[in-house]
Amino acid sequence: MTHEDHPAAAAAPSGVAEAEGREPGRPAAPNGSSTRRGGAERRKDNAQNPRPRGRGPVYAALDLGTNNCRLLIARPHDKSFRVLDGFTRIVRLGEGLSVTGRLSDAAMERTIEALKQCRNKLREHEPARMRLIATEACRAASNGEEFIARVKAEVGLDLEIVDRQTEASLAVTGCADLIEEESEGALMFDIGGGSSELAWLDFRGGRPRRQGRMAASIRSWQSLPVGVVSIAERFGGVDVTPETFEAMVAFVASHLSEFKGRGKLKQMIAEHPVHLIGTSGTVTTLAGLHLGLERYERQKVDGLWMGRSEVDATMKALLAMPFDRRVAHPCIGRDRADLVLPGCAIFEAIRREWPTERVRVADRGLREGILISLIDADRGTSRRPHMTRR
């Protein structure tokens, strides 16, 4: 689902233990490094102060989306996990895909280089279990399977192209602990580069006790064939007028009419406590702008509540912001300056269709969902008698 990623977000989710050793930067620094310091300096420090080895197995999750390549490596800790390392780079694998139907040579080369860095981190940490997934770009491209085979041959990583339902379920699992306890339901949306996932969670029959089982509460879901990259390629993302923005919103809204249970969800929102929960760079960018951050700070954004009027005001300010100011803004940056308004258009179409009073911002998603699922599965196995732990 790819998720979009934010220019400077840290990797560990709120409620998850702080990272051991170095903190994984998210996404890449200007020189392409995924950490705050250079590799030579980091190796020197590690030689003097080797990373302490914690107890328990190490798990890894990789999410290769239309726009980003992201890796998270962690160890179980209490009921969640402790982040050990991470990597994020904007690779734009799906650049031009909506026009040609194929992954371009340049995009594949960029992605291969990023995956080589992920491979090196995996070799360093030697995870006991990992899941490496690819989403919309590889699903949609006519040469997607061919690219996955090339990755295995050249990089040594065996990526799995997941279907849209799996992607939506993993996103729900990753964000589940941000759903308000008093709510009887939530509409989670994940705005990606090439597709956007929606999942309606209904707790009126009870709420799962374990985060890894939250996807069982999905009453309806939809994968929209629109993302920030595809919308930007269709309508443009540099000079976006109010008229262009409304055209984007209308285009997305035309797809929302296919959501199963569309009217029943509207009725539930009118009669019961329900809120939106958004996981994407679009929503975290809006949160950073709303807070007036001079630099993106994940700990202030992840879990933030924004009211309807606050979202309205922040979107209005962003729509009035010229491209060069978006480029210069520390919560946006050059890599996402042309994508943030297409993302806002997707968000706006969703909130117009299902208006709620609040949205909760999630700086987490597929990788966290993968890790929670892997850890939860192993914990479940260890609790069963006469079963061998995988």
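Nothing here was measured: the structure is a model prediction, and the numbers come from that model.

Describing the pattern of salt bridges
Throughout the structure, instances matching the rule amount to 29 salt bridges. Between Glu-136 and Arg-164 there is a salt bridge; the shortest N-O distance is 3.0 Å. In this pair, Glu-136 sits in helix α4 (residues 136-140) while Arg-164 sits in helix α6 (residues 164-175), placing the two residues 28 residues apart along the sequence. Judged by relative accessible area, which is 8%, Glu-136 ranks as buried. Judged by relative accessible area, which is 31%, Arg-164 ranks as partly exposed. Between Glu-167 and Arg-139 there is a salt bridge; the shortest N-O distance is 2.8 Å. Here Arg-139 lies in helix α4 and Glu-167 lies in helix α6, a separation of 28 residues in the sequence.

Regarding the pairing of strand β6 (residues 185-191)
With respect to burial, β6 is a largely interior element, seven of its seven residues being buried. Side chains of β6 alternate between two faces, with Gly-185, Leu-187, Phe-189 and Ile-191 and Ala-186, Met-188 and Asp-190 buried alike. Across seven bridges, β6 lies against strand β7 (residues 196-202) in antiparallel orientation. When the bridges of β7 are listed, Ile-191 appears paired with Ser-196. The antiparallel pairing of β6 with β7 creates a hairpin that spans four residues between the two strands.

With respect to the packing of helix α8 (residues 242-256) against helix α14 (residues 340-353)
Where α8 contacts α14, the axes come no closer than 8 Å and their chain directions differ by 50 degrees. With respect to α14, the element α8 is oriented oblique. Where α8 crosses over α14, the two elements pack in a sense that is right-handed. Contacts between α8 and α14 pair Phe-245, Glu-246, Met-248, Val-249, Val-252, Ala-253 and Leu-256 from the former with Leu-341, Pro-342, Cys-344, Ala-345, Ile-346, Glu-348, Ala-349, Ile-350, Arg-352 and Glu-353 from the latter. Among the residues making up the contact of α8 with α14, the classes are represented as 13 nonpolar, no polar and four charged.

Some thoughts on α14
Taking 1.5 Å of rise per residue, the 14 residues of α14 would be expected to cover 20 Å, and the 20 Å separating its terminal C-alpha atoms lies within 8% of that figure. Counted residue by residue, α14 has 13 buried out of 14 residues, so it is predominantly covered.

Here's the deal with the packing of aromatic side chains
With the rule as written, the count across this model stands at three aromatic pairs. When the centroid spacing of 5.7 Å and the interplanar angle of 65 degrees are considered together, the rings of Phe-235 and Phe-251 count as edge-to-face. Of this pair, Phe-235 sits in helix α7 (residues 228-235) while Phe-251 sits in helix α8; the two residues are 16 residues apart in sequence, bridging distant segments of the chain. Given the relative accessible area of 22%, Phe-251 is considered partly exposed. Centre to centre, the rings of Phe-259 and Trp-354 are 5.0 Å apart; their planes meet at 65 degrees, and the pair counts as edge-to-face. Here the residue Phe-259 occupies a position in the loop between α8 and α9 (262-271), and Trp-354 occupies one in the loop between α14 and β11 (358-362), the gap between them amounting to 95 residues. If you follow Arg-351 out to its NZ or CZ, it ends over the ring of Phe-347, 5.8 Å from the centre. Of note, Arg-358 hangs over the ring of Trp-305, and the distance from its end group to the ring centre comes to 3.8 Å.

Here we look at the confidence of the model for the chain
Of the residues in the chain, 83% have a pLDDT of 70 or more, and the chain-wide mean is 85. Across residues 1-52, confidence stays below pLDDT 50; counting only partners more than four residues off in sequence or on other chains, it has 147 contacts. Counting contacts from residues 384-390, a segment whose pLDDT is below 50, to residues more than four positions away or on other chains yields nine contacts.

Considerations on the sheet that holds strand β10 (residues 305-307)
Spatial strand order, β8-β7-β6-β9-β11-β10: six strands in an open sheet with mixed pairing. Strands with a single pairing partner mark the edges of an open sheet, and in this sheet they are β8 (218-224) and β10. Each adjacent strand pair in this sheet contributes to an overall mean axis angle of 20 degrees, direction not counted. Each of β6, β7, β8, β9 (274-279) and β11 touches α6; the most contacted strand, β8, lies at about 120 degrees to it. Strands in contact with α14 are β6, β7, β9 and β11; relative to β6, the strand with the most contacts, it is inclined by about 160 degrees.

About the cut-offs
Residues numbered from 1 in each chain as written. Predicted model: local features only at pLDDT ≥ 70, side-chain atom pairs only at ≥ 80, totals over all residues. Heavy atoms only, no water. Salt bridge = Lys/Arg side-chain N within 4 Å of Asp/Glu carboxyl O. Helix = DSSP H or I, 4+ residues; strand = E, 2+ residues; numbered from the N terminus. Buried < 20%, exposed > 50% of the residue type's maximum accessible area, 1.4 Å probe, protein only. Pairing = 2+ DSSP bridges. Axes fitted to C-alpha atoms, helices over the stretch in contact; angles between N-to-C directions. Parallel < 35°, antiparallel > 145°, perpendicular 65-115°, else oblique. Left-handed = near helix turned anticlockwise from the far one by under 90°. Contact = heavy atoms within 4.5 Å. Nonpolar A, V, L, I, M, F, W, Y, C, P; charged D, E, K, R; others polar. Expected span 1.5 Å × (residues − 1). Phe/Tyr/Trp six-rings, centres within 6.5 Å; stacked < 30°, edge-to-face > 60°. Lys NZ or Arg CZ within 6 Å of the ring centre and 35° of its normal. pLDDT = per-residue confidence, 0-100.

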